[in-house]
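# Descriptive analysis of the structure
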Amino acid sequence: MRKRVVITGLGVISPVGTGLEKFWSSLTAGISGIRPVTRFDTTDFKTKIAGEVIDFEPSSYIDKKESRRMDRFTQFALAAAGMAIEDAALDLESADRDRIGVILGSGIGGIETLEDQAAVLASKGPGRVSPFFVPMMIANMGAGQIAINYRLRGPNITSVSACASSSNAIGDAFKMLQWGHADVMITGGTEAPITPLAVAGFCSMKAMSTRNEEPERASRPFDISRDGFVVAEGAAIMVLETLEHAQARGARIYAELAGYGSTCDAYHITAPDPEGGGAANSMRAALADAGIEPEAVDYINAHATSTPLGDAVEVKAIKSVFGKHAYKLAVSSTKSMTGHLLGAAGGLEATATVLAIYNGIIPPTINLENPDPECDLDFVPNTARKAEIKVAISNSFGFGGHNVTLVIKSF
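In short, a report on the structure.

This part takes up the overall build of the protein. Each helix and strand in the protein was counted, giving 13 helices and 15 strands. Taking 411 residues into account, the globule formula puts the C-alpha radius of gyration at 22 Å, and the protein, at 20 Å, falls close to it. Reported as C-alpha extents along the three principal axes, the dimensions of the protein are approximately 65 × 55 × 40 Å. Counting contacts in the protein only where the partners sit at least 6 residues apart, residues at least 24 apart contribute 80% of the total. Of the roughly 15,400 Å² of accessible surface on the protein, 53% is carried by carbon and sulfur atoms. When the 37 basic and 46 acidic side-chain charges of the protein are each reduced to a single mean position, those positions are 2 Å apart.

Another aspect to go through is the layout of surface pockets. Put simply, the largest pocket is a space of about 680 Å³. Along the walls of the largest pocket sit 38 residues, with T270, P272, T305, T307 and F399 positioned nearest its centre. Elements that contribute at least two residues to the lining of the largest pocket include exactly helix 11 (308–322), strand 14 (391–398) and strand 15 (402–409). For the lining of the largest pocket, the element with the highest residue contribution is helix 11, accounting for six residues. Looking at the lining of the largest pocket residue by residue, the classes come out as 18 nonpolar, 13 polar and seven charged. The space that makes up the second largest pocket amounts to roughly 150 Å³. Every residue lining the second largest pocket is counted, 13 residues in all, and those nearest its centre are Y61, I62, L78, N149 and Y150. Elements represented by at least two residues in the lining of the second largest pocket include exactly helix 3 (72–87) and helix 6 (141–150). Of the residues forming the lining of the second largest pocket, the biggest block, five residues, is contributed by helix 3. Across the lining of the second largest pocket, the residue classes tally to seven nonpolar, three polar and three charged.

With that out of the way, let us pick up the packing of helix 3 against helix 6. For any two helices packed against each other, one specifies the crossing angle of their axes together with the interaxial distance. Relative orientation of the contacting elements helix 3 and helix 6 amounts to 45 degrees, with a least axis distance of 9 Å. Judged on the interaxial angle alone, helix 6 and helix 3 are oblique. Between helix 3 and helix 6 lies a crossing whose hand is right-handed. Of the residues in helix 6, those in contact with F73, T74, A77, L78, A81, G82 and I85 of helix 3 are M141, G142, Q145, I146, N149 and Y150. Per-class residue counts for the contact of helix 3 with helix 6 are eight nonpolar, five polar and no charged.

Criteria and thresholds
- Position numbers for residues start from 1 in each chain and track the written sequence from start to end.
- Per-residue local features of the predicted model are confined to residues with pLDDT of at least 70, and side-chain atom pairs are confined, for both listing and counting, to 80 or more; whole-chain, interface and lining totals are unaffected and use all residues.
- In computing side-chain values, all of the structure's heavy atoms are included and hydrogens and water are not.
- A run of H or I in DSSP becomes a helix once it reaches four residues, and a run of E becomes a strand once it reaches two; helices and strands are each numbered from the N terminus.
- It is over C-alpha atoms that the radius of gyration is taken, and the globule rule equals 2.2 Å times the number of residues to the power 0.38.
- In this analysis, two residues are considered to be in contact whenever any of their non-hydrogen atoms come within 4.5 Å of each other.
- Accessibility throughout is a Shrake-Rupley quantity obtained with a 1.4 Å probe, and a residue counts as covered only by protein chains that appear here.
- The charge count includes Lys and Arg as positive and Asp and Glu as negative, but it does not include His or the ends of the chains.
- For charged residues, the charge sits on one atom: NZ in Lys, CZ in Arg, CG in Asp, CD in Glu.
- Here a cavity denotes a set of grid points, spaced 1 Å apart and computed over the protein atoms alone, in which a 1.4 Å probe fits but from which it cannot get out, and a pocket denotes an open set meeting protein on both sides within 12 Å along at least five of seven lines; residues with an atom within 4 Å of a point are reported as lining.
- Grid points are joined across faces, edges and corners, and a volume is the space filled by probe spheres set on the points.
- As a working rule, the residues Ala, Val, Leu, Ile, Met, Phe, Trp, Tyr, Cys and Pro are called nonpolar, Asp, Glu, Lys and Arg charged, and the rest polar, with Gly in that last group.
- Helix axes use the C-alpha atoms of the stretch in contact, all axes being lines fitted to C-alpha atoms, and the angles between their N-to-C directions lie in the range 0 to 180 degrees.
- We call two directions roughly parallel when the angle between them is under 35 degrees, roughly antiparallel when it is over 145, roughly perpendicular when it lies between 65 and 115, and oblique otherwise.
- The hand of a helix crossing depends on one turn: near helix anticlockwise from the far one by less than a right angle means left-handed, and clockwise means right-handed.

If you want it as structure tokens, here you go:
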């Protein structure tokens, strides 16, 4: 028999604030975290804006010597995990650490370290490349460092499925718990992609917004004038537990994770299936896994990155799955405020979905001034809305055609 799984702890590092309180108050106030890039000189770049984390100091969370041996994405992961464990009031000293695992998602991993050490190789030769280069760069080190730091000996995996990475991680952690392979899972995603090489690559693809003069208005999902996504960084980690484990220790429960769907478009390396078939099948699979009818869903946290093609395809997929009920749903894109955290996006948006359910408030889609005629659903434009949410879904879609849907319900 499958076990029920609940969410008991949340930790966030985001462009709209580090810590749960700052993150949620910014989202519900409709505050944008998009600003001019400060991490490198953007003079020669067409896109000069990003969702940088500006209130994070690694030494506040990690030993200084140890943090210097971690890429920024790993620093984010370890700090956010600490927040989530504290938020869950999880007493690791009395816990069975053989039954606690970690599954994280990261699309790119330690690209800042890769760029830095490639420059060292080119300018100073192979003998000067850091011995920490490989363990700092590899994408699994966020999950590895969390396990090492907290001595968590359960399953430890890293999911790499582009912008669906952390949603896959959460879904896989959910299944580990459902089938009794662990009692507690630390899961979510982390990403630190605001580097010259990564941004240059996205610029060359013409995938990002060039609304450089109005950074806070650049991410505008579903708006007719949207011109691309805004890259962002950060981490979002959650503590998942079997219901029996959470209740046995008297844990506060935010919500219940009820369903997981994962599909592939099998269509193109970057473009979505124009009919939205893979995305629709992901939603159907997640609802079937949860045993929930489409008409029971109250809210969708959309993947909606603010790209001309992607947003319209997601709307088409939602209509395909929900039919007439699509027009009764609330749908919003928190990427309008946070930007796109790539492999960490799903974790951040699942966290926003959990908080929406727990607090009875739907975060808005900001910058939605002139809706695209193809995008004609209720996108909760510009202002947060009070609402009772019993069932919500969070969508994540990634390059390579990866589609993931999580079903989360009130507890």
